[in-house]
Amino acid sequence: QWDPHVLENRQAMVHLFEWKYPDVAKECEDFLAPKGYGGVQVSPSSECVAVYQGQVQRPWWERYQPVSYKISSRSGDEGSFRDMVARCNDVGVRIYTDVVLNHMTGDHPAGTPTTGDSYFDSGAESYPGVPYSAFDFNDANCHTASGSIEDYSDAEQVRNCKLSGMKDLNQGKDYVREMIMEYLNRLISYGVAGFRVDASKHMWPGDLEAIFSQLDDLSTDYFPAGTRPFVVFEVIEGEWESIKAIDYAGIGRVTEFKYGRELGHSFRGFNQLKWLRNIGEDWGMLPRHESLVFIDNHDNQRTESNGVLTFRVDKWYKMATAFMLGFPYGFTRVMSSYYWDQYFEGGRDINDWTGPPQDTSFDIISPSFNPDGSCANGWICEHRWREIYNMVAFRNVVHGTDLNDWWDNGNNQIAFCRGNRGFVAINNEGADLKETLQTCLAEGTYCDVISGSKTEAGSCTGKSVQVDSSGYGYIEILNSEYDGALAIHMDSKL
Ligand SMILES: O=C(NCCCOc1c(-c2ccc(O)c(O)c2)oc2cc(O)cc(O)c2c1=O)[C@@H]1CCCN1C(=O)/C=C/c1ccc(O)c(O)c1
Ligand SMILES: [Ca+2]
């Protein structure tokens, strides 16, 4: 369950946060397959509350308050979900769906609308759309005064009490396990390759193990018989919290939040880039074959936007992404966001709830595409930035090699090879990088895939690097340049 089941030459996934299923299907065919992306994480497919609370109209986090396991959300219904999975699989792009298993909704007034018109009564913990009743929740197992989590250092209450007031399911109960497995097996029957399990920290590893080990094998329409679902457990590790990501690594991959946080820390200048040489297990992170890494995610790009890097600091963001996609640690996930206006009050962005671009009837607006391939209509589409998709191709080309020939200037200029197949240099010095370095590549002329691309006609739209017979090349990244990285590889050779 650690294997993402991507095709051999596709080594990165993209989180198309809040995209509609028909748009995902089209993106698989038009862009993701041609550019070598291996899979897509889609937002929770299950029916959820439709939140209208004063200023807060249809916040992104409503999709993390399920009311049933019907596939009925603003991204689309069951039919469009199945069509998306088929079309993406047909072009070799896997679908991993986000699933919310820890809880149902928070407290909402009777009659609160839902995305599939199912009725629910949060006060009575009644969700007839599943059905779940009060017996299926953890109230008896939670011993805090409020019934919600109050102390995150207490592993017991982090699992058994309500997260932010949301009704906490008891995954230790057979009936609850049956309902969850029915939902996940239904998704498997449609051809998904696996799941991103939301709020895993709030569920017992033993319960998750019981559920995920009993799921069906993946559909033989797209996978060999006996293929186990890929699973990523979201575990947000806190400094002072007792629950650790490693607690879940024996069941599947786990999100390694330290990675993106450390890269943000380094590229913002609080730690010299030279130390990144051994980032990963040596820094106390998960074993590389059990970890999922990313620069930012849908939550921390809002709540930690002064720590992790986001699309708002695009030069650093692209440099850090080039590092992540070039460096041999973890399975890599590229975030693809939409824009929202931040408005800070008391050190907090009070607009951090803002949902996806929507029309006057609260339907999600599809992304539109500019002639240069970038997105419009309020979508950022980091996955369509040349520096990022070209590094996805880089990761595919160097797959199977390790890190070698690390160089640094003792500070914030670094470079490294991947076997004899790829070379990356990054300059975060605040001064020019002008060095003749070992690129580990065969003699020849290579297109830099950061400042440009290699054209079909066999020319470089950006910089090119001349590699001599001993593998050395003159590497230049001026401080004033638009991009702070340079990368060449076997497939960018003229
Ligand atoms: O202030 C908030 N929440 C209180 C702070 C607790 O944050 C939440 C965490 C959370 C945060 C930090 C932790 O260390 C942790 O163990 C859990 O996980 C969630 C997971 C969900 O499926 C749904 C949620 O509403 C939450 C949530 O509220 C705002 C308003 C409601 C949603 N929300 C949010 O901030 C929503 C956050 C959210 C939603 C979905 C996610 O997948 C996620 O990672 C975070
Ligand atoms: Ca729980």
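As a starting point, this report considers the structure included with it. (Residues numbered from 1 in each chain as written. Chains lettered and ligands numbered in written order. Predicted model: local features only at pLDDT ≥ 70, side-chain atom pairs only at ≥ 80, totals over all residues. Heavy atoms only, no water.)

### Overview of the site of ligand 1
Looking at ligand 1, there are 16 residues lining it, with Arg-196, Asp-198, Lys-201, His-202 and Glu-234 nearest. Glu-234 has a polar side-chain atom sitting 2.3 Å from an oxygen atom of ligand 1. With the chains in place, 73% of the 710 Å² that ligand 1 exposes on its own is no longer accessible. Placement of ligand 1 is best described as lying within the largest pocket. Its residues assigned to classes, the shell around ligand 1 shows 7 nonpolar, 4 polar and 5 charged. (Near = heavy atom within 4 Å. Polar contact = N/O pair within 3.5 Å; in protein donor to acceptor, adjacent residues only side chain to side chain. Areas by Shrake-Rupley, 256 points an atom, 1.4 Å probe, with all protein chains shown as cover. 1 Å grid on protein atoms, 1.4 Å probe; cavity = no way out; pocket = protein on both sides within 12 Å on 5 of 7 lines; lining within 4 Å. Sits in = over half its atoms within 2 Å of the grid points. Nonpolar A, V, L, I, M, F, W, Y, C, P; charged D, E, K, R; others polar.)

### Points about the packing of helix α6 (residues 257-270) against helix α8 (residues 314-326)
Where α6 contacts α8, the two axes come as close as 10 Å, and the packing angle between them is 130°. When the interaxial angle is binned, α6 and α8 end up oblique. The two elements α6 and α8 meet at a crossing, and its hand is right-handed. Across from Tyr-259, Leu-263, Phe-267 and Arg-268 in α6, the residues of α8 making contact are Trp-316, Met-319, Ala-320, Phe-323 and Met-324. Of the residues assigned to the contact of α6 with α8, the class counts are 8 nonpolar, no polar and 1 charged. (Axes fitted to C-alpha atoms, helices over the stretch in contact; angles between N-to-C directions. Helix = DSSP H or I, 4+ residues; strand = E, 2+ residues; numbered from the N terminus. Parallel < 35°, antiparallel > 145°, perpendicular 65-115°, else oblique. Left-handed = near helix turned anticlockwise from the far one by under 90°. Contact = heavy atoms within 4.5 Å.)

### Structural notes on the coordination of the calcium ion (ligand 2)
Taken together, the protein ligands of the calcium ion (ligand 2) are Asn-102 (OD1), Arg-159 (O), Asp-168 (OD), Asp-168 (OD) and His-202 (O), with distances of 2.3 to 2.5 Å. When the donors of the calcium ion (ligand 2) are listed by position in the chain, the intervening gaps give N-x56-R-x8-D-x33-H. Taken together, the residues Asn-102 in the loop between β8 (94-99) and α3 (155-160) and Arg-159 in helix α3 connect sequence positions 57 residues apart. By relative accessible area, which is 0% here, Asn-102 ends up buried. (Donors = N, O, S within 2.8 Å, 3.2 Å for Na, K, Ca; no water. Buried < 20%, exposed > 50% of the residue type's maximum accessible area, 1.4 Å probe, protein only.)

### Thoughts on the pairing of strand β25 (residues 485-489)
Most of β25 is tucked away, with 5 of its 5 residues classed as buried. Taking every second residue as pointing to the same face, both faces of β25 are buried, with Ala-485, Ala-487 and His-489 on one and Leu-486 and Ile-488 on the other. Where strand β20 (residues 422-427) meets β25, 5 bridges bridge the pair, whose relative direction is antiparallel. The residue of β25 that forms the bridge with Gly-422 is His-489. (Pairing = 2+ DSSP bridges.)

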